Amino acid sequence: MKGFQVAVLGAAGGIGQPLSLLLKLNARVSKLHLYDVAPITPGVGVDLSHCDTSSTCVGFAGQDALIPCLTGCDLVIIPAGVPRKPGMTRDDLFNINAGIVKTLVEGIAKACPNAFVAIISNPVNSTVPIAAEILKANGVYDKRRLFGVTTLDVVRARRFVAEKANGVVRPEDVDIPVVGGHAGKTILPLLSQVAPAGCLSQLSQADVQALTARIQDAGTEVVEAKAGGGSATLSMAYAAAQFAESCLRALSGESVVECAYVDSTVVEGLNFFASKVKLGPTGAEEVFGLGPLSPFEQEGLTQLKAELKGSIDKGVAFVSAAA
Ligand code: NAD
Ligand code: LMR
């Protein structure tokens, strides 16, 4: 199996450490590079390097180490940045995380401009447009290679659908597109398209609305349960490891379908949008349309447009203002 060089930026954090562990266990990873501003990062690298898998693992700390960390990488995953506390929206993280993502993507533009880039840092609805603008400004933007990671929304939807289906389907066998963006009402699960078809047929319209709301508010559910201690880390690491595996399979020549927040023409007026995409060796080779929506989903799509457009525009304006 071909091995790939993968970097995690923000590797010493709540997501970064378990994600790095899962990547150390992935046989498709030959070199694992961990980067963070936290001084513990080389130690995290030494710790993981003792796991008896074939890949090597090195930790890099501090800004001077960013370019050495990134050079030669095929896939870069970014969970760097601050998480929410109760009462905050993801957009409340913009002022800190926008600058962090900008700096890290500037490094990617210089050191590994052909890498797949997967952004976890919130607000994803804005940080991905920021990354696109930075890559454009450096003349290396390939829209097929930039992804906002929305896999956790799909993971949650699979799990919650299986709970509602009363045991007729296992979570891992549920297929459900979650489209739009990654914040509140911009997260739009298409429950009408769930497979196996009919597994939710016993649900009333009120049940469908409640299940939709639970998926949309699941991040907040974790933030409140952690009561000031951060947001989802372990389920996010699990979801990001799934997305990374799909990217590495795609880089190996396989065709893989995943939901992701990408440069898109699926919905007029929204330059970034999450939907199913076909991943291949060059990145998102096809961005799929939404398919038939229920009236409730159509209304949800109408409702999310203004917020998502505002978040995209805010990211673009941030980079213009900094130029
Ligand atoms: P955390 O605070 O535990 O870890 C963040 C890490 O980023 C820390 O180790 C910190 O040192 C590092 N960091 C800060 N500035 C940096 C920089 N300039 N360069 C490199 N590293 C830097 O936070 P966390 O719980 O791991 O969450 C990280 C981010 O992921 C947050 O923005 C959170 O909102 C987001 N998140 C997104 C999703 C999603 O579905 N996309 C899910 C969960 C969390
Ligand atoms: C999530 O969905 O869990 C993340 O976006 C973190 C958050 O702030 O909710």
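Calculation criteria
- Residues numbered from 1 in each chain as written.
- Chains lettered and ligands numbered in written order.
- Predicted model: local features only at pLDDT ≥ 70, side-chain atom pairs only at ≥ 80, totals over all residues.
- Near = placed C-beta within 6 Å.
- Helix = DSSP H or I, 4+ residues; strand = E, 2+ residues; numbered from the N terminus.
- Nonpolar A, V, L, I, M, F, W, Y, C, P; charged D, E, K, R; others polar.
- Domains from an automatic or database assignment.
- Contact = placed C-beta atoms within 7 Å.
- Buried ≥ 20, exposed ≤ 12 C-beta atoms within 10 Å, placed from the backbone.
- Pairing = 2+ DSSP bridges.
- pLDDT = per-residue confidence, 0-100.

What surrounds ligand 1 is a group of 33 residues, the closest being Gly10, Gly13, Gly14, Ala80 and Asn122. Looking at the shell around ligand 1, the element that brings in the most residues is helix H4 (residues 94–111), giving four residues. For the shell around ligand 1, the residue count by class is 18 nonpolar, 13 polar and two charged. When residues are assigned to domains, the shell around ligand 1 turns out to be shared by domain 1 (4–150) and domain 2 (151–310), each giving three or more.

Accessible area lost on assembly of the parts is the figure often given for the size of an interface. Domains assigned within the protein are domain 1 (4–150) and domain 2 (151–310). Computed over C-alpha atoms, the centres of domain 1 and domain 2 are 22 Å apart. Counting from both sides, the interface comprises 37 residues of domain 1 and, opposite them, 38 residues of domain 2. Listed by contribution, the elements that provide at least two residues to the side of domain 1 that touches domain 2 are strand E1 (4–9), helix H1 (16–24), strand E4 (75–78), strand E5 (116–119), helix H5 (124–137) and strand E6 (146–148).

With that settled, the discussion passes to the pairing of strand E10 (residues 272–280). The side chains of a regular strand alternate between both faces of the sheet. Burial runs high along E10: seven of the nine residues are buried. Pairing between strand E9 (residues 256–263) and E10: eight bridges, direction antiparallel. Residue pairing across strands places Cys259 opposite Lys276, the latter belonging to E10. Pairing geometry for E10 and strand E11 (residues 283–287), over four bridges, is antiparallel.

A few words now on the site of ligand 2. Around ligand 2 lies a shell formed by Pro83, Arg84, Arg90, Asn122, Leu152, His182, Gly219, Thr220, Val222, Val223, Ser231 and Ala232. At four residues, helix H8 (residues 218–226) tops the list of elements feeding residues into the shell around ligand 2. When grouped by side-chain class, the residues that make up the shell around ligand 2 number five nonpolar, five polar and two charged. Here the shell around ligand 2 gathers at least three residues from each of two domains, domain 1 (4–150) and domain 2 (151–310).

It is worth spelling out the environment of Ala11 at this point. Mapped onto the secondary structure, Ala11 falls in the loop between E1 and H1. Separated by 34 residues in sequence, Ala11 and Gly45 place their C-alpha atoms 9.2 Å apart.

This next bit is on the confidence of the model for the protein. The pLDDT averaged across the protein works out to 97; a share of 100% of its residues lies at or above 70. With a pTM of 0.98, the predicted complex shows an ipTM of 0.99.

With that out of the way, let us pick up unusual backbone geometry. Pro123 follows Asn122 through a cis peptide bond whose omega is -5°. Along the chain, Pro123 falls in the loop between E5 and H5. The residue after Ala195, namely Pro196, is reached through a cis peptide bond having omega 5°. The residue Pro196 is located in the loop between strand E8 (187–189) and helix H7 (205–216) in this model. If you check the backbone angles, Asn166 has positive phi at about 55° while not being a glycine. Along the polypeptide, Asn166 turns up in the loop between helix H6 (151–164) and strand E7 (178–180). With 9 C-beta atoms counted inside 10 Å, the residue Asn166 sits in the exposed group.

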